[in-house]
Amino acid sequence: LVDRQRRFIDPAYLDELRGIADGASLPMDLIAAANIFPEFFHCSGVAIRGKTTVGGQLLHARVLDYMTHAGLQDEAVVMAVARDGAIRFVNVSYAGFIGSVTGMNESKVAIGEMGGRGEGLWDGTPMSFLLRGALESSRSTEAVLQYMRGRPRTCEYYYVVSDGKDHSCAGIKATPDIFEVVPPGGSHPQLPDPVEDAVLLSSDARYKELVRRVRAAYGQIDEERLIGILDRPVSMKSNLHNVIFAPERLTLRVANASRKGPACRETYHRYTWDELFKDAP
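Report on the accompanying structure. If you're wondering where the values come from, they're calculated on a predicted model, not measured in any experiment.

1. Structural notes on empty space enclosed by the protein
Each pocket or cavity is described by its volume, and for the largest cavity that value is around 70 Å³. Looking at the lining of the largest cavity element by element, the count peaks at four residues for strand E10 (residues 198-201). Of the residues in the lining of the largest cavity, the class split is ten nonpolar, two polar and one charged.

2. Here we look at helix H2 (residues 11-24)
If you check H2, its first and last C-alpha atoms are 20 Å apart, about what 14 residues at 1.5 Å a residue would give, namely 20 Å. Residues Tyr-13, Leu-14, Leu-17 and Ala-21 constitute the buried set of H2. One side of H2 carries all its buried residues, which in axial view fall inside an arc of 100°. Turned more than 90 degrees off the buried face of H2, the exposed positions are Pro-11, Asp-22 and Gly-23. For H2, the elements touching its buried residues are helix H3 (28-35) and helix H4 (127-137). Taken from the residues just after H2, Ser-25 is the one with a positive phi, measuring 55°.

3. Observations concerning the environment of Asp-29
Here Asp-29 shows up in helix H3. Overall, the relative accessible area of 44% leaves Asp-29 in the partly exposed class. Residues Asp-29 and Leu-17, spaced twelve residues apart in sequence, show a C-alpha to C-alpha distance of 9.1 Å.

4. As for the environment of Ser-44
Looking at where Ser-44 falls in the secondary structure, it is placed in strand E1 (residues 44-48). Ser-44 sits 68 residues away from Gly-112 along the chain, and the two C-alpha atoms are 8.9 Å apart. Filtering out sequence-adjacent residues up to four positions away, Ser-44 remains in contact with Ala-61, Arg-62, Val-63, Met-114, Leu-201, Ser-202, Arg-206 and Val-234. Among the polar contacts listed, one links the side chain of Ser-44 to the side chain of Ser-202, at a separation of 2.6 Å. At 3.2 Å, the side chain of Ser-44 and the side chain of Arg-206 are in polar contact.

5. Some remarks on the packing of H2 against H3
Packed helices, taken two at a time, are described by their axes: the angle between them and the distance between them. Contact geometry for H2 and H3: axes closest at 9 Å, N-to-C directions at 120°. Our classification of the angle between H2 and H3 gives oblique. For the element pair H2 and H3, the recorded crossing hand is right-handed. On H3, the residues that touch Leu-14, Leu-17, Arg-18, Ile-20 and Ala-21 of H2 are Met-28, Ile-31, Ala-32 and Asn-35. Of the residues in the contact of H2 with H3, the class split is seven nonpolar, one polar and one charged.

6. Let's talk about the state of the cysteines
This model, assessed by the stated rule, comprises zero disulfides. With no disulfide partner, Cys-264 has as its closest neighbouring cysteine sulfur the one in Cys-43, 13 Å distant.

7. A closer look at the sheet that holds strand E11 (residues 239-246)
Strand order across the open sheet formed by six strands is E10-E1-E2-E11-E12-E13, with antiparallel pairing between neighbours. Among the strands making up the open sheet, the edge pair consists of E10 and strand E13 (269-272). Here the average twist between neighbouring strands, direction ignored, is 10°. Strands E1, strand E2 (59-65) and E10 of the sheet are contacted by helix H6 (residues 204-216), whose axis makes an angle of about 155° with E10.

What counts and how
Residues numbered from 1 in each chain as written. Predicted model: local features only at pLDDT ≥ 70, side-chain atom pairs only at ≥ 80, totals over all residues. Heavy atoms only, no water. 1 Å grid on protein atoms, 1.4 Å probe; cavity = no way out; pocket = protein on both sides within 12 Å on 5 of 7 lines; lining within 4 Å. Points joined across faces, edges and corners; volume = space filled by probe spheres on them. Helix = DSSP H or I, 4+ residues; strand = E, 2+ residues; numbered from the N terminus. Nonpolar A, V, L, I, M, F, W, Y, C, P; charged D, E, K, R; others polar. Expected span 1.5 Å × (residues − 1). Buried < 20%, exposed > 50% of the residue type's maximum accessible area, 1.4 Å probe, protein only. Arc of directions from axis to C-beta. Contact = heavy atoms within 4.5 Å. Polar contact = N/O pair within 3.5 Å; in protein donor to acceptor, adjacent residues only side chain to side chain. Axes fitted to C-alpha atoms, helices over the stretch in contact; angles between N-to-C directions. Parallel < 35°, antiparallel > 145°, perpendicular 65-115°, else oblique. Left-handed = near helix turned anticlockwise from the far one by under 90°. Disulfide = S-S within 2.5 Å. Pairing = 2+ DSSP bridges.

What follows is the structure, encoded as structure tokens:
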């Protein structure tokens, strides 16, 4: 898999991987494989605004349901990433993992990913590097759509994108051959129960419960209420991390799983942009 995808990975990202491998005295291919492991697994995403929220604010939530039994939560890191020639971004990630599955950049653009099917369709940019590339180069929701649409993609992934500057947001379904965009309040065969001023992505019973909770709190949702909306069963037992972005304020709240329970039942820690980047160039 590493050999199949190497030509699709930005050389700058390969340099970072070599630096990690050298610093850890580990083989480069092992570090590279650890950074594209999401390609083997196939969460929920929410962007709400306008009539849905208190004061019409934009809130963007991301539920990551990965394998908590592997202990990745022990290596959880919130990274402030500043690289020459790229837009700075916050990466909610894990030690040694330089791609992104959850992030927000200094242009107030946030993105979260949800896995689908398509295992084996790996001749494209690994999802975590596609998402990082979008964060490092895109200053609007539309720019993210153009970036992702124009690059070779893998497997089947779903994304929620938002922009705190104009409160735009969108859901995306992406495979190597398909790129579908769902606007707030828009319907889709997989999302049959749309809510005005909301992008709600999940599956099966969790989607139905997410819609029910958003409707029940409609017009009264702030960060605290959104934390409650993300609780079980919207988050699964395997809930590795949850993040609530307030893109217009450039703040985020992050909860990571413990060895005893899912992220949704743990404390959410708040981060501000100035705190994270105070020592960054």
